[in-house]
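Observations on the model geometry
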Amino acid sequence: AQSVSQHNHHVILSEAASLELGCNYSYGGTVNLFWYVQYPGQHLQLLLKYFSGDPLVKGIKGFEAEFIKSKFSFNLRKPSVQWSDTAEYFCAVSTSGGSYIPTFGRGTSLIVHP
Amino acid sequence: NAGVTQTPKFRILKIGQSMTLQCTQDMNHNYMYWYRQDPGMGLKLIYYSVGAGITDKGEVPNGYNVSRSTTEDFPLRLELAAPSQTSVYFCASSYSMAGGYNEQFFGPGTRLTVL
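Residues numbered from 1 in each chain as written. Chains lettered and ligands numbered in written order. Predicted model: local features only at pLDDT ≥ 70, side-chain atom pairs only at ≥ 80, totals over all residues. Heavy atoms only, no water.

Residues and elements named next belong to chain B. Taken in spatial order, the four strands of this open sheet run 1-3-8-7, and their pairing is antiparallel. In the strand order of this sheet, the two ends are held by strand 1 (4-7) and strand 7 (64-66), each with one partner. With strand direction ignored, the average angle separating the axes of adjacent strands in the sheet is 20 degrees. (Pairing = 2+ DSSP bridges. Helix = DSSP H or I, 4+ residues; strand = E, 2+ residues; numbered from the N terminus. Axes fitted to C-alpha atoms, helices over the stretch in contact; angles between N-to-C directions.)

Quick look at the structure:
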């Protein structure tokens, strides 16, 4: 069965700092990879996704993620965070072995201080 | 398009009561899902459906039931509510096919408290 690990559960940064959130998965076959964001009191929204092609994916609001197949990783990055990036971030993976039902990581809570 | 809608937004139940959480999507998505979100625990899949008339258990199905009589609707039924079911419930939908292109769209959530 597939599993997803997000190693950073809580991250606190100051505005303009760089961000990298880790996401690792366990599955050796074809994967679809997602990052979702949940702003306080809101529902989850798609930040970016990877299905195939260029392993460097650009999403909304200046976020990007890199798929490194050899490391089973899909880390999320942003060069300069803003106070409005305060939110919870979820990595998700779907695979053919899991009937393409996405599995979510536990999430990372990001707080950005102005 | 309204996307994924859920009702109610908030509900307080007494132990042993029952209720149905409603979920409707207007995007003609074939897959629908129910998750619960507890603080620090991420999203846990309760049930999912790959099409009308087909449902399957997720990671935490005990205490819940679902049905999928139409493409649009996917209600979640709680029988004999327990305090452990206090949570925020999210419904989601996606269009999925053999290639697994299943970006999910989420509803606004239902905050349920069982006292």
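Resuming the write-up.
All names here are of chain B. Within the secondary structure, M32 sits in strand 4 (residues 31-37). For M32, a relative accessible area of 0% puts it in the buried group. Taking the C-alpha atoms as reference points, M32 and T71, separated by 39 residues in sequence, lie 8.8 Å from one another. Excluding anything up to four places from it in sequence, M32 contacts C23, Q25, Y48, S49, R68, T71, E72, D73, F74, C91, A92 and S93. (Buried < 20%, exposed > 50% of the residue type's maximum accessible area, 1.4 Å probe, protein only. Contact = heavy atoms within 4.5 Å.)

Two numbers describe a pair of aromatic rings. These are the distance of the centres and the angle of the planes. Considering all chains together, one arrives at 13 aromatic pairs over all chains under this definition. Taking 4.7 Å as the distance between ring centres and 35 degrees as the angle between the ring planes, the aromatic pair formed by Y50(A) and F67(A) counts as tilted. Residue Y50(A) is found in strand 6 (residues 45-50), and its partner F67(A) is found in strand 8 (residues 64-68); the two are separated by 17 residues along the sequence. In this structure, Y50(A) and F67(A) share a single accessibility class: buried. Summarising the aromatic geometry, the rings of Y35(B) and F106(B) are spaced 6.0 Å apart at their centres and angled 40 degrees between planes, so their arrangement reads as tilted. Of this pair, Y35(B) sits in strand 4 while F106(B) sits in strand 10 (residues 105-106), placing them 71 residues apart in sequence. In this pair, the class of Y35(B) matches that of F106(B), namely buried. Among the aromatic residues, those joined into a ring-pair cluster are F34(A), Y36(A), F51(A), F104(A), Y31(B), Y33(B), Y35(B) and F106(B). (Phe/Tyr/Trp six-rings, centres within 6.5 Å; stacked < 30°, edge-to-face > 60°.)

Attention now moves to the pairing of strand 5 (residues 31-38) of chain A. Residue and element names in this part refer to chain A. Most of strand 5 sits out of view: eight of its eight residues are buried. Of the two faces of strand 5, both are covered, the one formed by V31, L33, W35 and V37 as well as the one formed by N32, F34, Y36 and Q38. Bridge analysis of strand 5 against strand 10 (residues 87-95) gives eight bridges, and the strand direction is antiparallel. Opposite V31, over in strand 10, you have T95 as the bridge partner. Counting the residues in the hairpin turn of strand 5 and strand 6 gives six residues, including G41, whose phi is positive at 75 degrees.

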